[in-house]
Amino acid sequence: MTRALALHPDRLLPADPTTRGIARALYAEVADLPIVSPHGHTDPRWFADNAAWSDATQLLLAPDHYIFRMLYSQGVDLDALAIPHRGGTPATDPRAAWRLFADHYHLFRGTPSQLWLDHVFAEVFGMDVALESATADRYFDTIGEKLASDAFRPRALFDRFRIDFLATTEGAQDSLDAHHRIQASGWQGRVVTTYRPDGVIDIEHEAFVPAMRRFAELTGEDVYSWRGYLAAHAKRRADFRAAGATATDHGHLTAQTANLSTAECEVLFARIVGGDWTPADAELFRAQMLTEMARMSVADGMVMQLHPGAYRNHNAALFASHGRDKGADIPTRTDYVHALRPMLDVVGNERDLTIILFTLDESVYARELAPLAGHYPCLRLGPAWWFHDSPEGMRRFREMTTETAGFYNTVGFNDDTRAFLSIPARHDVARRVDCGFLARLVAEHRLQDWEAAELAQELTSGLVRRAYRVDAPSSSPMGSDFKMCDSVAA
Amino acid sequence: MTRALALHPDRLLPADPTTRGIARALYAEVADLPIVSPHGHTDPRWFADNAAWSDATQLLLAPDHYIFRMLYSQGVDLDALAIPHRGGTPATDPRAAWRLFADHYHLFRGTPSQLWLDHVFAEVFGMDVALESATADRYFDTIGEKLASDAFRPRALFDRFRIDFLATTEGAQDSLDAHHRIQASGWQGRVVTTYRPDGVIDIEHEAFVPAMRRFAELTGEDVYSWRGYLAAHAKRRADFRAAGATATDHGHLTAQTANLSTAECEVLFARIVGGDWTPADAELFRAQMLTEMARMSVADGMVMQLHPGAYRNHNAALFASHGRDKGADIPTRTDYVHALRPMLDVVGNERDLTIILFTLDESVYARELAPLAGHYPCLRLGPAWWFHDSPEGMRRFREMTTETAGFYNTVGFNDDTRAFLSIPARHDVARRVDCGFLARLVAEHRLQDWEAAELAQELTSGLVRRAYRVDAPSSSPMGSDFKMCDSVAA
Amino acid sequence: MTRALALHPDRLLPADPTTRGIARALYAEVADLPIVSPHGHTDPRWFADNAAWSDATQLLLAPDHYIFRMLYSQGVDLDALAIPHRGGTPATDPRAAWRLFADHYHLFRGTPSQLWLDHVFAEVFGMDVALESATADRYFDTIGEKLASDAFRPRALFDRFRIDFLATTEGAQDSLDAHHRIQASGWQGRVVTTYRPDGVIDIEHEAFVPAMRRFAELTGEDVYSWRGYLAAHAKRRADFRAAGATATDHGHLTAQTANLSTAECEVLFARIVGGDWTPADAELFRAQMLTEMARMSVADGMVMQLHPGAYRNHNAALFASHGRDKGADIPTRTDYVHALRPMLDVVGNERDLTIILFTLDESVYARELAPLAGHYPCLRLGPAWWFHDSPEGMRRFREMTTETAGFYNTVGFNDDTRAFLSIPARHDVARRVDCGFLARLVAEHRLQDWEAAELAQELTSGLVRRAYRVDAPSSSPMGSDFKMCDSVAA
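J.: Any details on the overall build of chain A? Residues and values, ideally.
T.: A tally of helices and strands in chain A yields 20 helices and 11 strands. Over its C-alpha atoms chain A spans a radius of gyration of 23 Å, differing by no more than 12% from the 23 Å that the globule rule assigns to 490 residues. Dimensions along the principal axes, computed over C-alpha positions, put chain A at roughly 75 × 60 × 45 Å. Taking all 490 residues of chain A together, the buried fraction comes to 58%.

J.: Requested: an account of helix H16 (residues 364-373) of chain C, with residues and values cited.
T.: Burial runs high along H16(C): 10 of the 10 residues are buried. Next to the buried residues of H16(C) lie helix H4 (65-73) and strand E9 (330-331) of chain A together with strand E10 (355-357), strand E11 (379-381) and helix H17 (391-405) of chain C.

J.: If you had to explain the relation of the copies chain C and chain B to someone new, which residues and values would you point to?
T.: Rotating chain C by 120 degrees about the axis while translating it 0.0 Å along that axis superimposes it on chain B, leaving an RMSD of 0.0 Å. Taken together, the turn and the small shift mark the pair as related by a three-fold rotation axis. Of all interface residues in chain C, a mere 4% are interface residues in chain B too; the two copies therefore contact each other through different surfaces.

J.: Please set out the relation of the copies chain A and chain C residue by residue, giving values where relevant.
T.: Turning chain A through 120 degrees and shifting it by 0.0 Å along the axis lays it on chain C, with an RMSD of 0.0 Å. With a heterologous cut-off of 20% or less, the 4% of interface residues of chain A that recur at the interface of chain C puts this contact in the heterologous class.

J.: For the sheet that holds strand E1 (residues 35-37) of chain B, give the residues involved together with the corresponding values.
T.: All names here are of chain B. Taken in spatial order, the 3 strands of this open sheet run E1-E2-E4, and their pairing is parallel. The open sheet is flanked by E1 and strand E4 (191-192), the only strands paired with a single partner. Bridge analysis of E1 against strand E2 (residues 163-167) gives 3 bridges, and the strand direction is parallel. Each residue of the ladder has a partner; that of Val36, found in E2, is Phe165.

J.: An account of the interface of chain A and chain C is needed here, citing residue identities and associated values.
T.: Contact with chain A, which involves 47 residues of that partner, is made by 43 residues of chain C. Of all the secondary structure elements, the ones that give two or more residues to the side of chain A that touches chain C are H4, helix H6 (112-124), helix H14 (316-322), E9 and helix H17 (391-405) of chain A. Counted by class, the side of chain A that touches chain C contains 20 nonpolar, 16 polar and 11 charged residues.

J.: Quick rundown of the interface of chain C and chain B? Include the residues and the values.
T.: Opposite the 47 residues of chain C that make contact, chain B presents 43 residues. Elements represented by at least two residues in the side of chain C that touches chain B include exactly helix H4 (65-73), helix H6 (112-124), helix H14 (316-322), strand E9 (330-331) and H17 of chain C. The residue makeup of the side of chain C that touches chain B, split by class, is 20 nonpolar, 16 polar and 11 charged.

J.: So what about the pairing of E2(B)? Which residues, and what values?
T.: All names here are of chain B. Burial analysis of E2 places 4 of its 5 residues in the buried class, the great majority of the element. Relative to E4, E2 runs parallel, the two being bridged by 2 bridges. If you follow Leu166 over to E4, its bridge partner there is Val191.

J.: Report on the environment of C:Glu458, specifying residues and quantitative values.
T.: Residues and elements named next belong to chain C. For Glu458, the location among the structural elements is in helix H19 (residues 449-467). With 21 C-beta atoms packed within 10 Å, Glu458 lands in the buried category. The sequence separation of Glu458 and Leu253 amounts to 205 residues, and the corresponding C-alpha distance is 31 Å. Every residue in contact with Glu458, bar those within four places of it in the chain, is listed here: Phe407 and Leu463.

J.: Which residues make up the sheet that holds strand E4 (residues 191-192) of chain A, and what values go with them?
T.: Spatially, E1-E2-E4 (chain A) is the arrangement adopted by the 3 strands of the open sheet, whose pairing is parallel. What marks the edges here is a single partner per strand, and that holds for strand E1 (35-37) and E4 of chain A.

J.: How would you sum up the confidence of the model for chain A? Please name residues and give values.
T.: All names here are of chain A. This prediction gives chain A a mean pLDDT of 95; 96% of its residues lie at or above 70. Note that pLDDT drops below 50 for residues 475-490; the model gives that stretch 34 contacts with residues more than four away or on any other chain. For this predicted complex, the interface score ipTM comes out at 0.96, while the overall pTM is 0.96.

J.: Can you lay out the packing of helix H5 (residues 94-103) of chain B against helix H7 (residues 136-147) of chain B for me, pointing to particular residues and giving the numbers?
T.: All names here are of chain B. Where H5 meets H7, the closest approach of the two axes is 9 Å, and the angle between their N-to-C directions is 130 degrees. With respect to H7, the axis of H5 lies oblique. Seen from above, H5 lies across H7 with right-handed handedness. Facing H5, whose interface residues are Arg95, Trp98, Arg99 and Ala102, H7 presents Ala136, Tyr139 and Phe140. Of the residues contributing to the contact of H5 with H7, the split by class is 5 nonpolar, no polar and 2 charged.

J.: So, the environment of C:Ser149: which residues are in play, and what are the values?
T.: All names here are of chain C. The residue Ser149 is located in the loop between helix H7 (136-147) and helix H8 (154-160) in this model. When the 10 C-beta atoms within 10 Å are taken as the criterion, Ser149 is described as exposed. Counting along the chain gives 229 residues from Ser149 to Cys378, while the straight-line C-alpha distance between them is 46 Å.

J.: Before we move on, could you go through the domain arrangement of chain A and cite the residues and values that matter?
T.: All names here are of chain A. Annotation of chain A at the domain level lists domain 1 (52-152) and domain 2 (155-467). Just the C-alpha atoms count here: the centres of domain 1 and domain 2 sit 29 Å apart. The interface is formed by 21 residues belonging to domain 1 together with 20 residues belonging to domain 2. Counting only elements with at least two residues in the side of domain 1 that touches domain 2, the list comes to H4 and H6. A per-class count over the side of domain 1 that touches domain 2 returns 13 nonpolar, 3 polar and 5 charged.

How each quantity is defined
Residues numbered from 1 in each chain as written. Chains lettered and ligands numbered in written order. Predicted model: local features only at pLDDT ≥ 70, side-chain atom pairs only at ≥ 80, totals over all residues. Helix = DSSP H or I, 4+ residues; strand = E, 2+ residues; numbered from the N terminus. Rg over C-alpha atoms; globule rule 2.2 N^0.38 Å. Buried ≥ 20, exposed ≤ 12 C-beta atoms within 10 Å, placed from the backbone. Contact = placed C-beta atoms within 7 Å. Least-squares fit on C-alpha atoms with pLDDT ≥ 70 in both. Pairing = 2+ DSSP bridges. Nonpolar A, V, L, I, M, F, W, Y, C, P; charged D, E, K, R; others polar. pLDDT = per-residue confidence, 0-100. Axes fitted to C-alpha atoms, helices over the stretch in contact; angles between N-to-C directions. Parallel < 35°, antiparallel > 145°, perpendicular 65-115°, else oblique. Left-handed = near helix turned anticlockwise from the far one by under 90°. Domains from an automatic or database assignment.

So this is what it looks like as structure tokens:
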């Protein structure tokens, strides 16, 4: 006997009938709005090449660290799941890997992975039975057949998903070749890049040296001098804007910023590129570069995103065998109040600058992030991120930020995913949870129904479009128009 | 078209019909109880002079950092809002400032500011349309006219609000002139002061030197010797008790306390007043003074309040241009377990001493504060404070403290406000949220209905009256009656 | 007039009717399952001797620090409650102590203590009136009479409570005499021990020296050499397994672990036993011993439990007068991500090892513990502990861990109690709260009803039995079968 798979139309809406009725009405108005995905990690070659994906395992299982980290935590072997290691991809039969995944699908009960996957299975692939051992082959076969058809190629799905804007993320050392090919192809889908320079900023990253070499080649600058290094960043930021970017992104271990003099920067940078640095130097350099990037954003209008707080590659043996992004990044306690102050001393009162803060440490929502964003003109709060991109995580985000920062200092939803097929599912979860939260405020008479309806539109569309400058890209420099709030600058 | 403004009778009560019914019944019994406001920042000159307030902008907008911090965070200029800066008040038309506020009123959706303001608009001023651009002038005119009438003078509103007890806060260097005038006036309203000696304890405060000079003048003591300094505090505490004070208040950066010997205190104090101190000395002196204040509270019966954890004046440019209290104070992570131990070593087991702890760091509610208050006889928990004085903040406070500390180690509500007109609104929010919390416990059969009814009275009236000694002020020294719990002292 | 005492059949289930209906159905299937209590502090002599308990005060009040800490926090004298101090038990009339407790029973409103006690009063003793001053004597008399009957002796209650497995906790220096007598008695109740070696690991414990002496006597090893010390642990672990133990337990101040070389260990150990150690040495030694214990668990199959984060004996005066476990242990902020890494470097990828993590710092649930347990094969999450063993605490545990770690990286419920009579009450609370949580997921269509039914069984029975190896004890060494996950070891 197999179990039916059917997505309930009221899923994720609050159980109380009054509240659910309000939530349902709010959701109905935003359910079909186009998707704006301003931050993510899909592969731009998919849209440049528009080649068919191979099979369920390669598309849905092997690249998704949400899935294989859970399986690994319960003793499932990574080789048996076809997860690539440093030596290459194991010679695992994709179907066998899929069966193993199906055997353990119960592990995902209560997790967002199950919500996303069931949505993909039902909505994208039209499955009507639940995934379990008995249906593993039926899934593998159906998905494989569909993926081979033109209707399931990347661009066709992009259109079917009603994606209006999709940002990928590339390093400062990236040629942007895939994006150039998308632009040259005449295809109308709006896939843009995001400037993520961590690889040439984090001297503790194992690929810093070759990244710097490539950074020099692409810019023609003397990237080993402080002046040339900054000039190279400015050039590449312009390259990225030309490839559609409206934003930069910075994935640092901490939120530490610094405000050094030029002379201090030159001395520090000489130690960094000279190889004579300490871990404290590495941290100070990353800190200073956040302030430099903020200054450049004032000049060129790019939105700045800060994603701190992940202890990367916590599992030493797994990192040795399998490399990065294998589900072993663990959040840590993160300070923002002291850490951001040096940068805010420089740019905090710029009202045309937007710095979007993310966190993996929910204890800072109400204590630090909402008060900061509820005061500084340049600060906005990114949505619940990564481990917290989930119904309970999103609910806590709203409950702990709204009363101090309001809704208008937030920026809508980010899917932050490399799992392209899950993008509609993830946005749908966010819309449902936000409508549920708004509905509770209406049911408790803390918000009028028409206010909630306006807010549902804003949380789904307005805020993200404005925060990420989706409709007014920053490719024309706005530097001269920028100014500090008058009363402070005066 | 304008929108109606009407406060729903069930606002803030839980949506579930069973729970709402219980909450409604509980609330009905406490809704009209007199207000006891044991901690706040209203200006005693209002009640001494009983002069009319001028207009909506000067009364409601310009002094309220909850409001202008949000507007500032969205790029609104402070000058245009008539916010005073160090050079004086900008020559902004109050009506123009009010219109600007009205244009941005949607920013407050989902925040307690909107709840409080709508309550003030509807209940105090009788408005029946919502504030928005189109109604800004109607609001400004109506409020202005009413404020000019006798019925809206401070004492009339004090009576209309059914305030039974209102504590203001004055520094150790304050003459208490306004309070003396209130006492001499024959008016029956009970407005008392609170002893807040931060200005002569925090050497890092920019006005420490003149505050000490005034402290010396008012007491006639040699405040630059350790012995004379303590004697001056004792004298001023007596002055404050004579002006009705039942409590002291201490707004420190951290909760750190110390337990130095007299000889160590003398050496430290010599460095402080000699100008030869380090930041560590400044912190140690503040820490020691908390213990000294606790000792004096054992002797004179004044309730001690500790409000730690705000990083003051985080925005350097704004502090330079506008000074303190401009919405740029940001909470920080705060430790209590280690920090309070030195003071608790001295007074922790005193059962007639009351020390009320507040926090801006909600992560300590369940982890540190509830366990401490659920053990030490002298400790009580102040209500959700400042950024957390909000429906969700109050709910989290109850959910995270009750199971370990119970209800009886809490002290009712504090409005902590300088916005006098919002006092009824704030107390009403607290009563509604507490009744909603109690109702949930009844609906889940975790509390009997009669227990909840008793607790609603306690949370509204009983706990605050006893904790702050409202009905048994401390003006007669009780030192000799105080004792440690026998079994510990023995 | 007295008040009725009646446990409502729907207590602790969510108020929303739909959700309650689902919860009720889930609970009905698990309400009567046998109790598995894998971690607690009952006295094994009760089951060895099977003697009658004396009276309500000695059984229910004097040993329960949850109760007397609350009374003490409100100024009640410990002597008057018959709480033992270092000099002995005060000569307090047990009936007078009980009356004093009854006078203050309202303090427990909203706390789990009241839920547990009312369950004990109603279900175990058949009381039908609530405890208050007027009923104190009736309670004292009825309980005293029942305790004198055979039906209320420890073994009879063990059977009546349907306890399937009960673990006590003994130190490494314990003779296990009581457990040997249970085994020799022929009684069928399964009462086992747990290896808790803190007393011979924590050099800062005041009884370290005599504990080590006894450790040497019991093992015949040279426990003052590093090699002999480890051998002694191995011997005692075998002794404990022979007395039924399936687990070890470690109650450290922090979660710090270390990974020293043997040479470093020998040098450190020489300082420890030589008396020439610093607090940093003491911490490093505790840290290293967690890794050693984990290594031994790989070899002998014992489940390892880590309970860090309690600042013990915070009240110095009370510790001086009354000693340990008097309600003055306070949780502190606890780091796991950095602290556990050295141990995880050694054993983190062992898939046949189980290390169960507990915390008193809820801010780590979503940030650290769920991500760690959702990745490392050896890690599992213990349930909400101590101050968080409460309806709200359990709800937060599920809400903050499930989405990242799932249900299957948790281990069911621990009562962790020395209050034997409260064991059914505590398990009942956990079952109700878990069913309420599952019911909400079903009502919000985040889980199917049949999935929730399976999970209710798992949370009540399956997970705890497997995690603690209740049905496959570790007494036969499994060392040779253990292996690291292939792909990592390869």
